[in-house]
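Listed below are the residues making up each chain.
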Amino acid sequence: VKDKVVLEVGAGTGLPGLVAGAAGASRLMLSDRQDGTRVLDNLRKTVAANKAVLGDCAVEVLGLSWGQFTSATLDLPPVDVLLLADCFYDAKGR
């Protein structure tokens, strides 16, 4: 991932994306649900707490939701690496 643009979708805690940033990604976008204010706030705190290992990697936290295309979605830059895991969250545990 060195010198690549990385987007993590459904980032949650952001661990895979942070590892990519620490491994030399030039730009990292961590995303989770648009309505997930707590998740996005926690992601921002996690990024701030890990600045030392992220080096010069430019990091953004974005609210992106599946199936909802907003200007934020359409304005995303080209991505070299896409990280996804457990992207279908169901609060009711179904």
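Residues numbered from 1 in each chain as written. Predicted model: local features only at pLDDT ≥ 70, side-chain atom pairs only at ≥ 80, totals over all residues. Heavy atoms only, no water.

(A) Spatial organisation of the side chain of S65. For S65, the location among the structural elements is in the loop between β3 (58-63) and α4 (71-74). In terms of polar contacts, S65 uses its side chain to reach the backbone amide nitrogen of Q34, at 2.8 Å. Excluding anything up to four places from it in sequence, S65 contacts R33, Q34 and D35. (Helix = DSSP H or I, 4+ residues; strand = E, 2+ residues; numbered from the N terminus. Polar contact = N/O pair within 3.5 Å; in protein donor to acceptor, adjacent residues only side chain to side chain. Contact = heavy atoms within 4.5 Å.)

(B) Fine view of the pairing of strand β1 (residues 5-9). Burial analysis of β1 places five of its five residues in the buried class, which makes it a mostly covered element. Every second residue of β1 is oriented toward a common face, with V5, L7 and V9 on one face and V6 and E8 on the other, all of them buried. As paired elements, β1 and strand β2 (residues 27-32) share four bridges and run parallel to each other. Bridging across to β2, E8 finds its partner in L30. Crossover β1 to β2 through helix α1 (residues 15-22) is right-handed. As defined by bridge partners, β1 adjoins strand β4 (residues 81-84) across four bridges and the pair is classed as parallel. (Buried < 20%, exposed > 50% of the residue type's maximum accessible area, 1.4 Å probe, protein only. Pairing = 2+ DSSP bridges. Right-handed = clockwise from strand over helix to strand, strands pointing away.)

(C) Main features of helix α2 (residues 37-49). The terminal C-alpha atoms of α2, which comprises 13 residues, lie 18 Å apart, in line with the 18 Å expected from a rise of 1.5 Å per residue. Considered for burial, the residues of α2 that qualify are L40, L43 and V47. End-on view of α2: buried residues confined to an arc of 55°, all on one side of the axis. Exposed and oriented more than 90 degrees from the buried face of α2 are R38, K45, A48 and A49. Of the surrounding secondary structure, the elements contacted by the buried residues of α2 are α1, β2, α3 (51-54) and β3. (Expected span 1.5 Å × (residues − 1). Arc of directions from axis to C-beta.)

(D) Broad picture of the sheet that holds β3. Here four strands make up an open sheet; going across it, the order is β3-β2-β1-β4 and the pairing parallel. Single-partner strands in this sheet number two, and they are β3 and β4. Sheet twist, expressed as the mean angle between neighbouring strand axes with direction ignored, is 15°. Note: β2 against β3, six bridges, orientation parallel. Counted as the bridge partner of M29 is E60 from β3. Each of β1, β2 and β4 is contacted by α1, which is oriented at about 175° to β2, the strand it contacts most. (Axes fitted to C-alpha atoms, helices over the stretch in contact; angles between N-to-C directions.)

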